[in-house]
Structures are given as structure tokens and as C-alpha cells.
Amino acid sequence: MSPVLIVLLMFLALVVLFVLGTPVAFALGTVGLIFIVTILGPAKLQILPHAVFAQMSGEVLIAIPLFIMIGSLLDKSGIADDMFELIYKWLGPMPGGLAVGTVLVCVVIAAIVGIVGAATVTMGLIALPAMLSRNYKKEIAIGCISGGGALGFLIPPSVTMIVYSSVTGVSIGKMFLGGILPGLLLASLYIIYIIIRSFVQPGICPAIPKDERATWGEKFLALKGLFLPFLLIFSIMGTIFMGLATPTEASAVGALAAIGVVGLHGKLSWDVFSSSLYRTARLGSMVLWIIIGCLAFSTVINSLALPSFLTQIIKSVGLNPWTVLVAMMVSLFFLGMVMDDLPIIMITTPIYVPIITSLGFDPLWYGILFILNMQMAYLTPPFGFVLFYMKGVVPEGITMGDIYRSVGPFIILQAIGLIIVMFFPQISLWLPSLMG
Amino acid sequence: MQKLKKFITIIGSMNRGLGKISSFVLMLIMLFLCYEVVMRYFFNSPTIWVHELSGFSFAFYLALTGPWLLERKEHVSVDIVYSRFPARFRLTADIIAYLVCLTFFVVLFWVGGKDMLHAFKINQHSYTVWGPPLGPVKLFVPVAAVLFILQALAGICDAVLKFREGPAK
């Protein structure tokens, strides 16, 4: 059988199992196993236990639950409240200021946590009611939180980047560095958009009334809210970039620091502690079992040498590498409408990344483009995680339809960001290149 | 019938209990890793055991939390079509999905178990300075598989029971 046919059969089997609601991890595992036995022969199953054991006891992936834990503790820490108070006092007097500030707080949270849920949920609970009560239009209020929340896995640390690195072998530290400028680029696009809208349509995000504004003394006092977040950012990202610790060690130091911060705010009860550990275990284990389940699947894909086969076709037909890249991005966008980033990484990277590399593109850069693309996946209806998180925290009277409408402009901004990074790869490659 | 329900409850609470207890292992791993960072930078004496032991603890953590997730039906699935199925068809789909999972778990048990027995038989040690025996650690893979198998069987029983109760309501 030709490799293309085998892969098509594998994907067909996966689609059927996905439609039936089979957990992604085990659908990948079983399809992989069946094809290992039928195509490669049962003897090949022997490589599986080693791979599974290596993955389960591998040091790199320990960072995933630890980064998740930082996020789940941060919800409880009160850090976000302090930061929102800060932007309320400093930016409230400016039209659109609260929305701009919400994006900024999301950037800071994104630099502490590795998942999107943390910023979306906390800002949805804190910033959304505050903006709505100041007569901000709900589209802007919901949109800036959704867009800002999705930055969680573009700005390092990022669980999705760790998964991408573990599948492709790209250095985690470099992926982290590569995400910083694109993340700031997206945040700037959001902020510019908010400022322009609030000047063109005065009244959609009004400045807070004069008598409610803070004095300079209050403003400076609120700055103390920055101390703990930056301490956390330093203990996590600083230790990685200065070469003091591996990403895994940094995640451990960060988790310990996060426990300390929650303790300092006097919020560390046994209940908070144990429930955040349970949440972490559930989310982290889910991610890890997908990676384990995928081992069998990618064993088959790798043995077929499909990427080199496809590359030959691409080269013999004389397709422009850029056409191929754009086609990949479009396919990722559509997959993103119905799937979550993890299954998409698992089924596309074993095929796409070798092709990308042999066409002369940098897999690090592709990884960042991939993550930028997945940002949109988190916001595109009908299946987008951020949308579901938002629905969970919005006040009554805001419908799913309102949420869908509000994310539209931000999806367009994300697409613009993706195109900019495609045309100027240096935005993602410059910082990693400094690391050598 | 009653026995079947009891089986479902017992397996469910066992996996829930094991999952919750092992959730705390992450704290142990965190402390190991922080200890390593402190020893390396402040006392200039990196350990030979932290990274490996953290890895082994992590394998334990995953082995016991995975089945708990299956019990909670929290292993992520692409439920965009599934959620639109009629209730009875959804139960049928559940049973098929569990059978698919079972295939994976049984193979995992088989190959993982063989690998573990082999490690015990030749008294396999890891090729590091610390060099701990690998047999006991490789035990986690078949143990995880057994817990998964039991949970999947419980899930199938549950779906079958609900299916039979269905029309009566």
C-alpha cells in the first residue's frame, strides 16, 4: 500500500473515532497500534514500552503540570485584583483605558502562567463586571479579555510550546524566547485597535467620571501590585533565560514561589491547596496521556517516511514553498474550528514539520506561526476554549451570540499578527538567535 | 444487576481515591527539583539522583491520575458531533469508545508487563551514576493499564445499565 493511502486510512479511522466521542489520547493510541500490527508487523510493538516509559519518566514534561499549577494557584492569589486596581487608577481616566489595561494585565498573567484559562477566567471575573458597570460596550469588554486571555500560550511559559518542543525536538528555551515578541506584537495590535475604536466612536468605552478618579498618592500606592507578579516572572522566566535553571526546574521554582505568593496574600487554605492540586493533576494528566497515546500513532507516521515522499512531490511539481506554508496555515485554521490545539499538534506536526524543514524553513519559526494560528483556534466558533471559559464567567444576560460577535475583530487582529510574523520571521527568530 | 452496580462504584471510588492521593506527588517532585537548584547554585554540589527520581515519581503520578480522569470522563474528546447525538445513540457510542480504549490498555498491559518482567529478570539498572533498578519503576506501566482496564469495564457496564434502564423512564 502506498504511504499516502495508509495515512488517509489512519485519518479516516481517527475521524470516525473522534466523531463517536472517543478520548483523543486513546483514539490516537489504538489507531496507532492497529496500524503498527498490520503494516509494520507485531514485532514492532516491542519499541512501544520503552517509548511509553521514557515519556512517562522523562524530565522535560514534568514542567507541564507544574506550569498548570502556577496558573491554577494564581486564580486564587489576588494578584490579578491588585493589578486591575493599578490599571483602574492609572488608565481609567482615558477613554478605552480599562480595556487597554485589561490587555496589559493579560500580558503579565501570560508571562506567569502557561495556559489560557487562568487569564480568561480571572479577568472575566474581575475586569468584565468593572468595565460593564462603567458603560463599556460588551463587545469591547468581552473581546479584549478573550483576545488577551489567548495570549497565555503565546507569551512564555507555555504548555503548548512544551508539547510542540517534545514532539519536534526544538529547544524549549528557544521556543519560549521566540514567543515573546510575537506576543507583544499581538497585544500592541489589540491596544491600538481599542484606542482607535474609542476615539472614533466616543461613548463605547467612556473614561471614568472625574470624581471617581484616583489621586497621585493612590496611584503610586497601587504600584505595589506589580511587585509580586514581577517576582514570579523573574523566578520563572528569568531563571530560564539567564541559564540558571532548565525549564523544568524553573517551573518547580515558580510553583513554589506561587504557593508562597498565595500564602502572602493569606489565601492558602488546605482547600485551595488541595483543590488546585486536583485540578492540576486532571489537566496535566490529560495532556500527558495524549502525548503517550500519540507515540503509537507517530511511530507509524514516521516509519512511512510520508514527509519525504510529500516533499518529493512538492519539489517535482515545482510548488512554491510559501504556497505550501500558506496551505498548511489555512488547514490549521480550519482544524482549529473543530479541535483543540493538542490533538492538532499531535496529528499535524509529524507530517508538517519534516516537510517545513526540508523546504528550508526554520521549525522554530513554524512553531511560533503554529501557536499564533492556535490563538485563533481558541477564539473561533463553534469550538473554542476561550469562548467556553468566557461563557462560564460572564454575567447573566450575555449570550453565546454576544461572545461570538465580540471575538470577531480580535480574530482578524490575530490573523494580521500571524501574517506579519510570516513576512518578518525575525520577529520570532531574533531573540532566540541571541541565545546562540 | 446489584453486583454490577457495586462493581462500578468500587472501581470508581478506587480510581478516584488513588488519583486524588497521587495528585500530591507533584509537590514531592517540586521539592526535589527546587532542592537540586539550591544545591547546584548555592552549594555547588548538584545531586546525582534528583532528575531521575523526579522522572520516576512523575511516572507514578501519571499512572494513577490517568484512570481517575477516565472515571471523570475528562480525557478530552472532540465532542462537537457527539454532543448532538440522541441520548441512546450516545450510550452506544460510549460503549464503542470504551472498547477502543480497552484495546489500547490491553496492549499497554501486555507490552508494558513483558518489559517489566524482563527488567526484573535481568536485574536491569539505569545507566547513570546513581543507577537505580528499573524493574520496580517499570511496574507503573502495567499497573496503570490494569486500573485503566478496570475503569473502562466499569464504564461499559454503566453504559449498558443506562441503556437497559432507558426505555423504562
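Residues numbered from 1 in each chain as written. Chains lettered and ligands numbered in written order. Predicted model: local features only at pLDDT ≥ 70, side-chain atom pairs only at ≥ 80, totals over all residues. Heavy atoms only, no water.

Q: Where do I start with the overall build of chain A in this structure?
A: Within chain A, the regular secondary structure consists of 21 helices and 0 strands. Compactness check: chain A gives a C-alpha radius of gyration of 22 Å against a globular reference of 22 Å for 436 residues, within 12% of the reference. Each principal axis of the C-alpha atoms in chain A carries an extent, and together these give about 75 × 50 × 45 Å. The proportion of buried residues among the 436 residues of chain A is 61%. Long-range contacts, defined as pairs at least 24 residues apart, comprise 80% of the intrachain contacts of chain A with a sequence gap of at least 6. A total accessible area of about 15400 Å² is found for chain A, and carbon and sulfur atoms account for 72% of it. On chain A, the mean spot of the 18 positive side-chain charges and the mean spot of the 16 negative ones are 5 Å from each other. (Helix = DSSP H or I, 4+ residues; strand = E, 2+ residues; numbered from the N terminus. Rg over C-alpha atoms; globule rule 2.2 N^0.38 Å. Buried < 20%, exposed > 50% of the residue type's maximum accessible area, 1.4 Å probe, protein only. Contact = heavy atoms within 4.5 Å. Areas by Shrake-Rupley, 256 points an atom, 1.4 Å probe, with all protein chains shown as cover. Lys, Arg positive; Asp, Glu negative; His and termini not counted. Charge placed at Lys NZ, Arg CZ, Asp CG, Glu CD.)

Q: It is not clear to me how helix H16 (residues 321-338) of chain A should be interpreted in this structure. Could you clarify?
A: Three- or four-residue spacings in an α-helix give side chains the same orientation, since the helix completes a turn every 3.6 residues. Residue and element names in this part refer to chain A. Between its first and last C-alpha, H16 extends 27 Å over 18 residues, near the 26 Å set by a 1.5 Å rise per residue. Of all the residues in H16, the buried ones are Val324, Leu325, Met328, Met329, Leu332 and Gly336. Across the axial projection of H16, the buried residues extend over an arc of 135 degrees, all falling on one side. Check the buried side of H16 and you find it contacts helix H15 (306-317), helix H17 (341-358), helix H18 (363-379) and helix H20 (400-423). Where H16 begins, one side-chain oxygen reaches toward the backbone nitrogen of Trp322, 2.8 Å away; that side chain belongs to Asn320. (Expected span 1.5 Å × (residues − 1). Arc of directions from axis to C-beta. Polar contact = N/O pair within 3.5 Å; in protein donor to acceptor, adjacent residues only side chain to side chain.)

Q: So what exactly am I meant to see when it comes to the nonpolar core here?
A: It is characteristic of soluble globular proteins that their nonpolar side chains tend to be buried jointly. Counting 209 residues, the largest nonpolar core has Ile64, Trp289 and Tyr366 of chain A as its most contacted members. At 18 residues, the largest contribution of residues to this core is made by helix H14 (residues 270-304) of chain A. Beyond its immediate stretch of four places on either side in the chain, Trp289 of chain A contacts Ala25, Phe26 and Met56 of chain A together with Leu62, Ala63, Gly66, His75, Leu108, Ala144 and Phe148 of chain B. (Core = buried A, V, L, I, M, F, W, Y, C linked by side-chain atoms within 4.5 Å.)

Q: Which parts of the structure should I look at to understand a nonpolar patch on the surface?
A: Residue and element names in this part refer to chain A. Nonpolar side chains collect at one region of the surface, where Val4, Leu8, Phe309, Ile313, Val317 and Leu319 lie side by side and expose about 500 Å² of accessible area between them. Counting only elements with at least two residues in the nonpolar patch, the list comes to helix H1 (3-19) and H15. A total of 3 residues in the nonpolar patch trace back to one element, the largest contributor, which is H15. Checked against the element boundaries, Val317 lands in helix H15. (Patch = residues over 30% accessible without salt bridge, like charges linked within 9 Å, V, L, I, M, F, W, Y side chains within 5 Å. Salt bridge = Lys/Arg side-chain N within 4 Å of Asp/Glu carboxyl O.)

Q: It is not clear to me how the interface of chain B and chain A should be interpreted in this structure. Could you clarify?
A: Each partner contributes residues to the interface: chain B has 58 residues there, and chain A has 56 residues. Contact with chain A buries area across many residues of chain B, yet Val76, Val78 and Phe104 of chain B alone supply 14% of it, more than any other trio. Across the chain B-chain A interface, the total number found is 2 salt bridges. Between chain B and chain A we count 12 residue pairs in polar contact (both at pLDDT 80 or more) in total. For the side of chain B that touches chain A, the elements supplying multiple residues, two or more each, are helix H1 (2-23), helix H2 (25-42), helix H3 (50-71), helix H4 (87-121), helix H5 (135-138) and helix H6 (140-165) of chain B. With 14 residues, H3 of chain B is the single largest residue contributor to the side of chain B that touches chain A. (Buried area = accessible area lost by both parts, 1.4 Å probe.)

Q: Looking at this structure, how should I read the packing of aromatic side chains?
A: Two measures describe an aromatic ring pair: the distance that separates the ring centres and the angle between the ring planes. Scanning the entire structure with this criterion turns up 34 aromatic pairs over all chains. Stacked on the ring of Tyr82 of chain B, the Lys or Arg Arg90 of chain B has its end atom at 5.8 Å from the ring centre. (Phe/Tyr/Trp six-rings, centres within 6.5 Å; stacked < 30°, edge-to-face > 60°. Lys NZ or Arg CZ within 6 Å of the ring centre and 35° of its normal.)

Q: Honestly, the pattern of salt bridges in this entry has me stumped. Any pointers?
A: Side-chain pairing between opposite charges can occur once the charged atoms of the two side chains come close. All names here are of chain A. Following the criterion strictly, the structure yields 13 salt bridges over all chains and no others. Linking Glu139 and Lys137 is a salt bridge whose minimum nitrogen-to-oxygen distance equals 3.6 Å. With a shortest N-O distance of 2.9 Å, Asp402 and Arg405 are connected by a salt bridge. On the criterion of helical spacing, the pair formed by Asp402 and Arg405 is a turn pair, its members being 3 residues apart in helix H20. For Arg405, a relative accessible area of 55% translates into the label exposed.

Q: Is there a simple way to explain the packing of H2 of chain B against H3 of chain B in this structure?
A: Helices that pack against each other are described as a pair by the angle of their axes relative to one another and the distance between those axes. All names here are of chain B. Relative to each other, H2 and H3 sit at 170 degrees, their axes nearing to 9 Å. By the angle class used here, H2 and H3 are roughly antiparallel. Between H2 and H3, the contacting residues are Val25, Leu26, Ile29, Phe32, Leu33, Tyr35, Glu36 and Arg40 on the first element and Val50, His51, Leu53, Ser54, Ser57, Phe58, Phe60 and Tyr61 on the second. Tallied by class, the residues present in the contact of H2 with H3 amount to 11 nonpolar, 3 polar and 2 charged. (Axes fitted to C-alpha atoms, helices over the stretch in contact; angles between N-to-C directions. Parallel < 35°, antiparallel > 145°, perpendicular 65-115°, else oblique. Nonpolar A, V, L, I, M, F, W, Y, C, P; charged D, E, K, R; others polar.)

Q: What am I meant to see in the state of the cysteines here?
A: Chemically, a disulfide is nothing more than a covalent bond linking the sulfur atoms of two cysteines. Applying the stated criterion across every chain, the model contains 0 disulfides over all chains. The cysteine Cys294 of chain A is free of any disulfide, with Cys101 of chain B supplying the nearest cysteine sulfur at 15 Å. Left unpaired, Cys157 of chain B is separated from the closest cysteine sulfur, that of Cys101 of chain B, by 15 Å. Classification of Cys157 of chain B by relative accessible area gives buried; the value is 16%. (Disulfide = S-S within 2.5 Å.)

Q: For this particular structure, what's the right way to read unusual backbone geometry?
A: Residues other than glycine predominantly adopt negative phi, and peptide bonds predominantly adopt the trans conformation. Across the junction of Pro156 of chain A and Pro157 of chain A, the peptide omega takes the value -5 degrees, indicating a cis bond. Mapped onto the elements, Pro157 of chain A comes out in the loop between helix H8 (138-150) and helix H9 (159-168). Phi is positive for Asn135 of chain A, which is not a glycine, with a value near 65 degrees. Considering the arrangement of structural elements, one finds Asn135 of chain A in the loop between helix H7 (117-133) and H8. One non-glycine residue, Asn123 of chain B, adopts positive backbone phi at about 50 degrees.

Q: What exactly am I supposed to notice about the environment of Ala377 of chain A here?
A: All names here are of chain A. As for its placement among the helices and strands, Ala377 is situated in helix H18. Note: C-alpha distance between Ala377 and Ala119 (258 residues apart in sequence) is 17 Å. Aside from chain neighbours lying at most four places away, what touches Ala377 is Gly336, Phe383 and Gly384.

Q: Would you take a moment to explain the packing of H14 of chain A against H17 of chain A for this structure?
A: Residue and element names in this part refer to chain A. With their axes 10 Å apart at the nearest point, H14 and H17 run at an angle of 25 degrees to one another. Relative to H17, H14 is oriented roughly parallel. Judged by the twist between their axes, the crossing of H14 over H17 is right-handed. Within the contact between the two elements, H14 uses Met286, Val287, Ile290, Ile291, Cys294, Phe297, Ser298, Ile301 and Asn302 and H17 uses Leu342, Met346, Ile347, Pro350 and Ile351. Per-class residue counts for the contact of H14 with H17 are 12 nonpolar, 2 polar and no charged. (Left-handed = near helix turned anticlockwise from the far one by under 90°.)

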